[in-house]
Amino acid sequence: MLRDKRILLIVGGGIAAFKCLDLIRRLRERGAAVRCVLTESAAKFVTPLSLQALSEDRVYGDMFSLTDESEMGHIQLSRQADLLVVAPATANLLARMAGGMADDLAATVLLATDKPVLAAPAMNVRMWLHPATQANVGLLGARGTMFVGPNAGAMACNEHGPGRMAEPLEIVAAIESIFAGKLTAGPPQARLAGPDTIELPGTRSEGALTHRPLAGRKALVTSGPTREAIDPVRYISNHSSGKQGHAIARALAALGADVTLVSGPVAVADPPGVRVVRVESADQMLAACRDASPVDIAVCAAAVADWKVANTADAKLKKAPGAKPPAIDLVPNPDILATLSAPGPDRPALVIGFAAETENVVANAIAKRARKGCDWILANDVSPATGTFGGDDNTVHLVTTEGAEAWPPQSKDAVARELARRVAARFA
Ligand code: CTP
């Protein structure tokens, strides 16, 4: 099936690069022609000479080599292939592919190609599971890249989990499936493996993660802004991106919680394995929270508009020559955090709020925790200079009945993972 097929093998810089030697041999046995492009770091793991000997072709690596470019330019390299195979596809190479970078020959060829691309990821388990890598893989899959692996198992870095490159024969089988039209684009899919294990994207069941301390717990997370309608085309809202709330939903789900995420309008992607309810206004958000209740854990990360428009117009407000601008009367919105925190049979065992403050962060958060009746508050400084609103990082204090604890500045994902860890410890 592979007779006379031309494979352009792009070798990334990872320990799994040695498997490419066997891959080339297997492909050649089946009649395929293999030509290799090597990244600079790949050349530290496998020598161009070995690849050249096995492929019986020149090995390409330097984008600015005058001979390479005159004899075989980067466009020609992809034009003369039927399929591009990236193996090992390292976290760095996947990130460069997702970012459309053209900073070396390998990335340039991948950006310039119109041929199908198969990637065999290989990296440390934490790097594979990192949201950045998962987002890159998702993006590439959506754009048409096909994936084989990674497999789970023991890794060179003494860790265990998904991240091992697929074996050469598995890659050969995937290549044959592509030419048979049986393998289509898309990232490895997350699959539920059973009540107590979750197979993370691209894993095999033998490596499924079993550390799910929140299994059997229900969690509710609010995220993003709300929109309060002025008329059918105008609204009051705020700059909340939803990044922090979505990251918390993802982190709780990763620890096994059954998560409902009630989200205002945001541009961030739905976290995997989470039930997402989309709403616009605070009233809708509260109704969705009530529908999701009772839960064990509630995290209110949404930036709920404090006020809504009392006199929402049914038709678009029109300007009239010389007329005064319309008056907009505001009335308070329901406080979702305070409502969920109110004592009662359905009160979640743990209610966590946020305090977006621009001054006296901790003092205001301590007062806010008492006022709203929640158990914990994550207080963050949202003054414009911090870049918290819409940014990727967050500096928070955790305020509990015991006092306030300063957390170091870190990414919103890291804040979410630490919070989920604390929640799991609270339920242990
Ligand atoms: N919150 C909520 N419903 C509202 C307002 C806020 O659930 N109507 C929640 C937020 O999700 C957050 C917490 O309350 O968890 C605090 O939000 P924040 O905007 O900091 O506090 P406010 O109550 O708006 O107080 P203020 O604006 O006076 O600081």
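Residues numbered from 1 in each chain as written. Predicted model: local features only at pLDDT ≥ 70, side-chain atom pairs only at ≥ 80, totals over all residues.

> Quick question: what am I supposed to make of the overall build of the protein here?
A tally of regular secondary structure across the protein gives 14 helices and 24 strands. When burial is assessed residue by residue, the protein has 46% of its 428 residues classed as buried. Within the protein, residue pairs in contact and separated by at least 24 positions form 68% of the contacts whose partners lie at least 6 positions apart. (Helix = DSSP H or I, 4+ residues; strand = E, 2+ residues; numbered from the N terminus. Buried ≥ 20, exposed ≤ 12 C-beta atoms within 10 Å, placed from the backbone. Contact = placed C-beta atoms within 7 Å.)

> What's the story with the sheet that holds strand β11 (residues 218-223) in this structure? I'm lost.
Whenever strands of a sheet pair, they do so through backbone hydrogen bonds, lying parallel or antiparallel. Taken in spatial order, the eight strands of this open sheet run β15-β14-β11-β16-β19-β20-β22-β23, and their pairing is mixed. The sheet is open, and its two edges are formed by β15 (275-278) and β23 (403-406), each paired on a single side. With strand direction ignored, the average angle separating the axes of adjacent strands in the sheet is 15°. Taken together, the four bridges between strand β22 (residues 396-400) and β23 define a ladder with antiparallel strand orientation. By the bridge assignment, V399 is partnered in β23 with A404. Contacting β11, β14 (258-263) and β16 (297-300), helix α10 (residues 243-254) runs over the sheet at an angle of about 165° to β11. (Pairing = 2+ DSSP bridges. Axes fitted to C-alpha atoms, helices over the stretch in contact; angles between N-to-C directions.)

> Just checking my understanding: could you explain the sheet that holds strand β2 (residues 33-38) for this structure?
Pairing in this open sheet of six strands is parallel, and the strands run β3-β2-β1-β4-β5-β6 from one edge to the other. With one partner strand each, in any of the chains shown, β3 (59-60) and β6 (146-147) form the two edges of the open sheet. In the sheet, strand β1 (residues 6-11) pairs with strand β4 (residues 83-89) via four bridges, with the strands oriented parallel. Bridging from a neighbouring strand, I10 pairs with V86 of β4. Along the sheet face, helix α1 (residues 19-29) touches β1, β2 and β4 and points at about 180° away from the line of β1.

> It is not clear to me how the pairing of strand β19 (residues 350-357) should be interpreted in this structure. Could you clarify?
Counting buried positions along β19 yields six of eight residues, so the element is predominantly enclosed. Across four bridges, the pairing between β16 and β19 is parallel. Counterpart to V299 in the pairing with β19 is I352. Strand direction decides the pairing type here: β19 and strand β20 (residues 376-381), joined by six bridges, are parallel. Following the sheet pairing, F354 is matched in β20 by L378. Between β19 and its parallel partner β20, the chain crosses via helix α13 (residues 361-372), and the hand of that crossover is right-handed. (Right-handed = clockwise from strand over helix to strand, strands pointing away.)

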